[in-house]
Amino acid sequence: MTAKRPPRAAYALPTLFTAANIFLGYLCILRTIQGALTYSTDPGLASIDFDVAAKTIGFSFILDGIDGRIARMTHTTSEFGRELDSLADIISFGIAPAILAYVWGVQFAGTEPGTWWVDQLQRAGKFLSFLFLVCGAARLARFNIQ
């Protein structure tokens, strides 16, 4: 006896959670940009943007676990779903935290822009946040081929 194939609509449910994960990564990037723009006029308001951006990464982590569980429970795993989940992961756990870490943690660390040590800190921050992104992408690629 062959297993009954799930209805086509069942495939949409895990995809909706993955799409929500992508949205939260996108929202993290937007709030980080908003915080950077607001910082010069109201650092207190900017810190709220950065706080929300950081929290979106945490919520993305929750959604990332839920989408895979739902796909397995409903027997709707697919190559498309795995690839979409990988793209969501690189957005929510790669590029969004790298941008947030650079802008919130490095960009505003120096009070006197143009000084030698602030320039060096920003260069190191750019490199380290990029390195974080590359390592995350490489880990994901390795996971996908195993």
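Residues numbered from 1 in each chain as written. Predicted model: local features only at pLDDT ≥ 70, side-chain atom pairs only at ≥ 80, totals over all residues. Heavy atoms only, no water.

Enquirer: How should the nonpolar core be read in this particular structure?
Expert: Taken as a class, soluble globular proteins show a tendency for nonpolar side chains to be buried jointly. Grouped together as the largest cluster of nonpolar side chains are 10 residues: Cys28, Ile29, Ala46, Phe50, Ala53, Ala96, Leu100, Tyr102, Val103 and Val106. Breaking this core down by element, the ones donating at least two residues are α1 (12-38), α2 (43-73) and α3 (79-107). In terms of residue count, α3 provides more of this core than any other element does, 5 residues in total. Ignoring any residue separated from it by four or fewer positions in sequence, one finds alanine 53 in contact with Cys28, Arg31, Thr32 and Leu100. (Core = buried A, V, L, I, M, F, W, Y, C linked by side-chain atoms within 4.5 Å. Buried < 20%, exposed > 50% of the residue type's maximum accessible area, 1.4 Å probe, protein only. Helix = DSSP H or I, 4+ residues; strand = E, 2+ residues; numbered from the N terminus. Contact = heavy atoms within 4.5 Å.)

Enquirer: For this particular structure, what's the right way to read the packing of aromatic side chains?
Expert: Working definition: an aromatic ring pair is given by the centre-to-centre distance plus the angle between the planes. This structure, assessed with the given rule, holds 1 aromatic pair. Ring geometry for phenylalanine 50 and tryptophan 104: centres 5.4 Å apart, planes at 25°, overall stacked. Here phenylalanine 50, found in helix α2, pairs with tryptophan 104, found in helix α3; they are 54 residues apart in sequence, far enough to count as distant. Judged by relative accessible area, phenylalanine 50 falls into the buried class, the value being 2%. (Phe/Tyr/Trp six-rings, centres within 6.5 Å; stacked < 30°, edge-to-face > 60°.)

Enquirer: Help me understand the pattern of salt bridges, please; the structure alone is not making it clear to me.
Expert: When the charged atoms of two side chains with opposite charge come close together, those side chains can pair. One pass over the structure, following the stated rule, counts 3 salt bridges. The residue lysine 55 makes a salt bridge to aspartate 51 at a minimum N-O spacing of 3.1 Å. Of this pair, lysine 55 and aspartate 51 both sit in helix α2, separated by 4 residues, roughly a single helical turn. A salt bridge links arginine 82 to glutamate 79, with the nearest nitrogen and oxygen atoms 2.6 Å apart. Residue arginine 82 and its partner glutamate 79 are located together in helix α3, separated by 3 residues, close to a single helical turn. Look at arginine 82 and you get partly exposed, because its relative accessible area is 44%. (Salt bridge = Lys/Arg side-chain N within 4 Å of Asp/Glu carboxyl O.)

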